[in-house]
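# Fold and geometry: a report
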Amino acid sequence: MMIAGAASVTEQVCRSCGGSHIDTFLKLGTTPLADRLPVSVDDDQEEPAFPLNVAFCCDCSLVQITETVNPRILFADAYPYYSSFSQALLRHSRDNARDLIERRNLDANSFVVELASNDGYLLKNYVEAGIPVLGIDPAEGPAAAAEKIGVPTRLAFFSRELAEKLRQQEMRADVIHANNVLAHVADTNGFVAGIARLLKDDGVAVIEAPYVEPMIDHCEFDTIYHEHLCYFSVTALDKLFRRHGLYLNEVKHLSIHGGSLRLYVEMREHVGASVTNQIAHERARGIDAIDYYLDFSATVDKLKVELSTLLHRLKASGASIAAYGAAAKGATLINTVGIGRDLIDFVVDRNIHKQGKHMPGQKIPIRSTEALLEAQPDYVLVLAWNFLDEIMEQQAEYRARGGKFIVPVPNPRIV
Ligand code: JHZ
Ligand code: ZN
């Protein structure tokens, strides 16, 4: 499973249960890394690219990609993702913190840890409320941004070993947040074991991860990239936590990122109806069996053809097209569909760390969002479709002047 010096390894067994019955049901080809943005368009230096194959474990139901790219390559070097550029995400995070402060009676004597704390977008809410926190994140830029706003941050990958070290220093958490990180770690079991070590006996881990059901049902195949090693069902998660003496006691559905789960995980077993009902639902729909996944490849191919045909038709009619959101998922979309500079003039993004760089693989330039009103392209392909409402509201002027958006999933459509 682990890679010391190698750029990547191909897994032969399940990341969670170690079983060897893993069946590949989707092959997206070889794609460049989604969060590694080329600085220059003439940069001849070849971008590293890796296979993107998705498999189902017949033993524990976990959906996973089979290639593990070295995390140091994926996250440490100029990682451009900063959480704080979406207002919707900031609101979502603030509500989550407030809810936990109230539910758990957190105060100056409590301790909240976030794994993959990024730029402090979530923990800052606890800091404001006078609650001690520690962020843990391996990406230098975002971690420095967190420190700057008063969120103490340890520059590290979280692991079982780090949890052990913190515990030796008398650090144990009332609340551990882990948002959009469980799917990112190569040592899935080590990470969960670390949570079990760091949690107080009566503490709670609050974990968010995209849910595999909407990914399949809404053809959100662009959320598949090398950072996302796992695509979770509640069935697979329940087994993963139990292996480490943790219990998934409550689950909530969230609309963020195309449909996510928020999991409440504790040391004591107190499984609520939200969990048992969801596992029953997954069984009824067959989410715990390979058949559910077998049509996905054909559905993805259909979407790719439809989108490519639409963009070529618009372009052939003389229309100009730009794109919105230099999102990681955008990198998968443009590289698997083959959307290059012949179709898209530029991509806009509010994240200043992405502006001036280029989309992976296709090397489409990334500009600030003001470029939309300056150039007034006829169409804008929304790569960050998960924030469509926020983007439409913010780009009211572009739309009032006649601009139109193209939303790629679940079916390409113009709005
Ligand atoms: P966004 C991220 O993936 C990061 P990405 C990560 N890979 C992960 O796991 C998933 O989320 C769950 C920009 N934007 O967040 C910001 C605007 O410019 O959907 C981002 O660059 N203006 C760890 O990268 C991009 O769009 C706006 O108004 O696929 C959105 O990327 C808004 C709302 C966003 O996910
Ligand atoms: Zn398994």
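What counts and how
Residues numbered from 1 in each chain as written. Chains lettered and ligands numbered in written order. Predicted model: local features only at pLDDT ≥ 70, side-chain atom pairs only at ≥ 80, totals over all residues. Heavy atoms only, no water. Domains from an automatic or database assignment. Contact = heavy atoms within 4.5 Å. Buried area = accessible area lost by both parts, 1.4 Å probe. Salt bridge = Lys/Arg side-chain N within 4 Å of Asp/Glu carboxyl O. Polar contact = N/O pair within 3.5 Å; in protein donor to acceptor, adjacent residues only side chain to side chain. Pairing = 2+ DSSP bridges. Helix = DSSP H or I, 4+ residues; strand = E, 2+ residues; numbered from the N terminus. Disulfide = S-S within 2.5 Å. Buried < 20%, exposed > 50% of the residue type's maximum accessible area, 1.4 Å probe, protein only. Near = heavy atom within 4 Å. Areas by Shrake-Rupley, 256 points an atom, 1.4 Å probe, with all protein chains shown as cover. Nonpolar A, V, L, I, M, F, W, Y, C, P; charged D, E, K, R; others polar. Axes fitted to C-alpha atoms, helices over the stretch in contact; angles between N-to-C directions.

### Concerning the domain arrangement of the protein
- Domain parsing of the protein yields domain 1 (83-91 + 159-293) and domain 2 (304-414).
- Centre-to-centre, using C-alpha coordinates, domain 1 lies 31 Å away from domain 2.
- Contact with domain 1, which involves 16 residues of that partner, is made by 17 residues of domain 2.
- On the domain 1 side of the interface with domain 2, the three residues burying the most area are Phe85, Phe221 and Asp222, jointly 46% of the side's total.
- Counting across the interface, domain 1 meets domain 2 through zero salt bridges.
- Linking domain 1 with domain 2 are six residue pairs in polar contact (both at pLDDT 80 or more), by the criterion used here.

### Here we look at the sheet that holds strand β3 (residues 49-57)
- Strand order in the open sheet made by the four strands is β2-β3-β4-β11, with antiparallel pairing throughout. Taken across any chain shown, the strands that pair with only one partner, and hence form the sheet edges, are β2 (22-32) and β11 (230-231).
- Across two bridges, the pairing between strand β4 (residues 63-65) and β11 is antiparallel. The residue bridging Gln64 from the neighbouring strand is Cys230, located in β11.

### Quick word on the state of the cysteines
- Here the structure, examined in full by the defined rule, presents zero disulfides.
- This cysteine, Cys58, is not joined by any disulfide, and Cys57 carries the nearest cysteine sulfur, 6.6 Å off.
- We classify Cys58 as partly exposed; its relative accessible area is 38%.

### Side note on the site of ligand 1
- Lining the immediate surroundings of ligand 1 are 23 residues, of which His228, Tyr324, Asp349, Arg350 and Asn386 lie closest.
- Here a nitrogen atom of ligand 1 sits 3.1 Å away from a polar atom, N or O, in the side chain of Glu227.
- Side-chain polar atom of Tyr324 to a nitrogen atom of ligand 1: 2.8 Å apart, as the coordinates give it.
- Compared with its free state, where it exposes 730 Å², ligand 1 has 96% of that area covered by protein.
- Contributing elements (two or more residues each) for the shell around ligand 1: α11 (328-337) and α13 (388-394).
- No other element matches the three residues that α13 contributes to the shell around ligand 1.
- Looking at the shell around ligand 1, its residues break down into nine nonpolar, eight polar and six charged.

### Considerations on the sheet that holds strand β17 (residues 379-382)
- Sheet architecture is open: six strands sit in the order β16-β15-β14-β17-β18-β19, paired in mixed fashion. Only two strands of the sheet have a single neighbouring strand rather than two, namely β16 (366-367) and β19 (413-414).
- Alignment of β17 against strand β18 (residues 404-407), held across three bridges, turns out to be parallel. Among the inter-strand pairings, Val380 is bridged to a residue of β18, identified as Phe405.
- On the sheet, helix α10 (residues 296-316) packs against β14 (321-324), β17, β18 and β19 and is oriented at approximately 155° with respect to β18.

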